[in-house]
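# Structural overview
Listed below, chain by chain, are the residues.
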Amino acid sequence: MMNNCNFKVGVYIRLSKEDLFKEKNKESESIKNQRKLIYRYLKEHNLSSIKEYVDDGYSGTNFNRPAFNQLLHDIKNNKINMVITKDLSRLGRDYIKTGYYVENYFPTNKIRYVSILDGIDTYYDTGNNDIAPFKALFNDMVSKDTSKKIKSILKTKKEQGLFLGSRAPYGYVKDPNNKNKLIIDQDKANIVKQIFSLSFHGKSNKEIAIKLNNQNILSPTNQKWTASSIYNILNNKEYTGCLVSNVWTNVSYKNKTRIKRNQQEWVVINNTQEKIISEELFEIIQSRKRKKGHHIIRNKLLLEGLVYCLECGSLLGVSYSNKRKQYIMTCNTYRNNSSNCTSHYINYQKLEEFVLNRINNFLSFIINNQLLKQRNINNNQDIQKIEKKLKYLYEDRLNEIIDVETYLLKREELQQELKKLNQLSTNNVYDNIYITRELLFSLINKITISRNKQIKIIYNFSKL
Ligand SMILES: [Zn+2]
């Protein structure tokens, strides 16, 4: 049993004029009723430090309400650390902003939030707290971003085969007649051949660098060759006559960090220019490296750089456990000095499955919605009907016309119907999109792991 003495409760009650016009709401939404329900709950849970905030006559679609503002003010001044409402709609009727408070503002300010009728209590980090209605919320904001991504994928396809870089790779120059095409720079191409040949005959990158420097040959940056500049040449697949794009990406609109995509996401177009070395030679050298095991830069795992220690705030680092034959994550602070934090050990694979499952659920929902919009009129009308039903269903739930079970059941039915209509579509966009680091970084602000392995996903909604 938790100690409820530590909670200073802000009771939030709201009644709008619209609520009063609706006859059915008059009774259940009255201030008296909200108060009764909430105080019964507080009593049952031994919560006695109470402050009340009442907005009488204010709409739920707007958050600029005097009592609500006072509540935020008191949160900032640590006068309350818990907020309770009868249900979510009392907090607000705008999906996105309501979601912002529940998913982001309250957790950030360490506020426990309870919505009695929705069964939400953020003190208990159960699956219940990210309840279904929030899918609608994610939908609004993410669909814009997703459609942008779909467009950019198409754009990349169109541009395939054109060299778009600002500088040609060492050994090539841009064709003076066509800046999107590479042609061979014979002298430098010979040096590239020499590098591959030396590597093929067993010379290390460092030995090759020394040899070239002794011949007074300059590196691509007009400096001395180093083991790593040799490494870059030996790893550039474009010498086999192809173009490789989609290697780097900016994380998101919020975060300008550049990340390297996993190799399977790279776009490789063959036969775009004359080759300098054969594909066979390139592969032989690559496979030797894999065998030797050094100089291999492993691909970044999907969640790497997103997972933080809840206690100390530092990133969780990844390592491969030979004993367990799997990747594990532990707090970086703990890695450096085990007396400064606890391990926060978590099995990477399991964490990834958990996160991808969540993301997949709502992406399929969003992308299916996107598809609907591109559908022909007939299909569209059917779909719109269901969408409308879903909306009414959600409103019915907010207004307590139906209980949670009925809501979930009906919603499932409607979503199945939607799914069927979607499958009529000729191409299934969702199947073609798989979750990349780029997409994850744009959706998720961070994932925190608590000492007892509680996983929490914090989405990028704060910009709203
Ligand atoms: Zn830590």
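Residues numbered from 1 in each chain as written. Predicted model: local features only at pLDDT ≥ 70, side-chain atom pairs only at ≥ 80, totals over all residues.

### Thoughts on the overall build of the protein
Rule in force here: Secondary structure follows DSSP: runs of H or I at least 4 residues long count as helices, runs of E at least 2 residues long count as strands, and numbering of each begins at the N terminus. For every residue, the other C-beta atoms within 10 Å of its own C-beta are counted; 20 or more classify it as buried, 12 or fewer as exposed, and values in between as partly exposed. C-beta atoms are placed from the backbone. With C-beta atoms placed from the backbone, a contact is any residue pair whose C-beta atoms sit within 7 Å.
Scanning the protein from terminus to terminus reveals 17 helices and 17 strands. Each of the 464 residues in the protein was classed as buried or not, and the buried ones make up 27%. Pairs at least 24 apart in sequence give 61% of the contacts found in the protein among residues at least 6 apart.

### A look at the sheet that holds strand E3 (residues 82-85)
The cut-off we apply is this: Whether two strands pair comes down to DSSP finding at least two bridges between them.
Strand order across the open sheet formed by 5 strands is E2-E1-E3-E4-E5, with mixed pairing between neighbours. The sheet is open, and its two edges are formed by strand E2 (49-56) and strand E5 (120-121), each paired on a single side. When strand E1 (residues 8-15) meets E3, the two strands line up parallel, connected through 3 bridges. Opposite Val-9, over in E3, you have Met-82 as the bridge partner.

### Looking at the sheet that holds strand E13 (residues 316-321)
Taken together, 3 strands build an open sheet; the order of strands is E13-E14-E15 and the sheet is antiparallel. Unpaired on one side and paired on the other, E13 and strand E15 (346-347) mark the two borders of the sheet. Strand direction decides the pairing type here: strand E14 (residues 326-331) and E15, joined by 2 bridges, are antiparallel. Paired with Ile-328 across the two strands is Asn-347, which belongs to E15.

### Looking at the pairing of strand E4 (residues 112-115)
Two strands pair when backbone bridges link them, and E3 and E4 are joined in this way by 4 bridges, in the parallel orientation. Bridge pairing links Val-83 to Tyr-113 in E4. In the sheet, E4 pairs with E5 via 2 bridges, with the strands oriented antiparallel. Counterpart to Ser-115 in the pairing with E5 is Ile-120.

### Digging into the environment of Glu-207
Secondary-structure assignment places Glu-207 in helix H9 (residues 205-214). Between the C-alpha atoms of Glu-207 and Ala-227, which are 20 residues apart in sequence, the distance is 8.0 Å.

### Overview of H9
Note the threshold: Along the arc lie the directions from the helix axis toward the C-beta atoms.
The complete set of buried residues in H9 reads Asn-205, Ile-208, Ala-209 and Leu-212. For H9, the buried positions fall inside an angular range of 100° around the axis, keeping them on one side. As for H9, its buried residues are in contact with helix H8 (186-200) and helix H10 (227-234). Backbone geometry just after H9 places Asn-216 at a positive phi near 60°.

### Regarding the confidence of the model for the protein
To keep things clear, this is the line we draw: For every residue, the predictor assigns a confidence score, pLDDT, that lies between 0 and 100.
Per-chain confidence: the protein averages 78 in pLDDT, with 73% of residues scoring 70 or above. Ranking the elements of the protein by mean pLDDT puts helix H16 (residues 429-432) last, at 42, and strand E12 (residues 307-309) first, at 96. Segment residues 125-147 is flagged for pLDDT under 50; beyond a separation of four residues in sequence, or across chains, it makes 39 contacts in the model. Confidence drops under pLDDT 50 across residues 425-433; counting only partners more than four residues distant or on other chains, this segment forms 9 contacts.

### Comments concerning the packing of H8 against H10
Short version of the rule: With axes taken as lines fitted to C-alpha atoms, and helix axes fitted only over the stretch in contact, angles between N-to-C directions fall between 0 and 180 degrees. Oblique is the label for any angle not covered by the other classes, which are roughly parallel (under 35 degrees), roughly antiparallel (over 145) and roughly perpendicular (65 to 115). Here the term charged refers only to Asp, Glu, Lys and Arg, the term nonpolar to Ala, Val, Leu, Ile, Met, Phe, Trp, Tyr, Cys and Pro, and the term polar to all other amino acids, Gly among them.
Two numbers describe how H8 lies on H10: the axes approach to 10 Å, and their chain directions differ by 100°. Taken as axis vectors, H8 and H10 run roughly perpendicular relative to one another. Residues Val-192, Ile-195, Phe-196 and Ser-199 of H8 touch H10, and the partners they reach there are Ile-230, Ile-233 and Leu-234. Its residues placed into classes, the contact of H8 with H10 shows 6 nonpolar, 1 polar and no charged.

### Things to note about helix H3 (residues 31-44)
Defined as follows: In this analysis, the expected span of each helix is defined as 1.5 Å times one less than the number of residues it contains.
Between its first and last C-alpha atoms H3 spans 20 Å; for 14 residues at 1.5 Å apiece the expected length is 20 Å, and the two agree. Inspection of H3 places Gln-34, Ile-38 and Leu-42 among the buried residues, and these make up the whole buried set. Buried residues of H3, viewed axially, fall in a sector of 60°; they line one side. Of the exposed residues in H3, those oriented more than 90 degrees away from the buried face are Lys-32, Lys-36, Arg-40, Lys-43 and Glu-44. Buried residues in H3 make contact with E1, E2, E3 and helix H5 (88-91).

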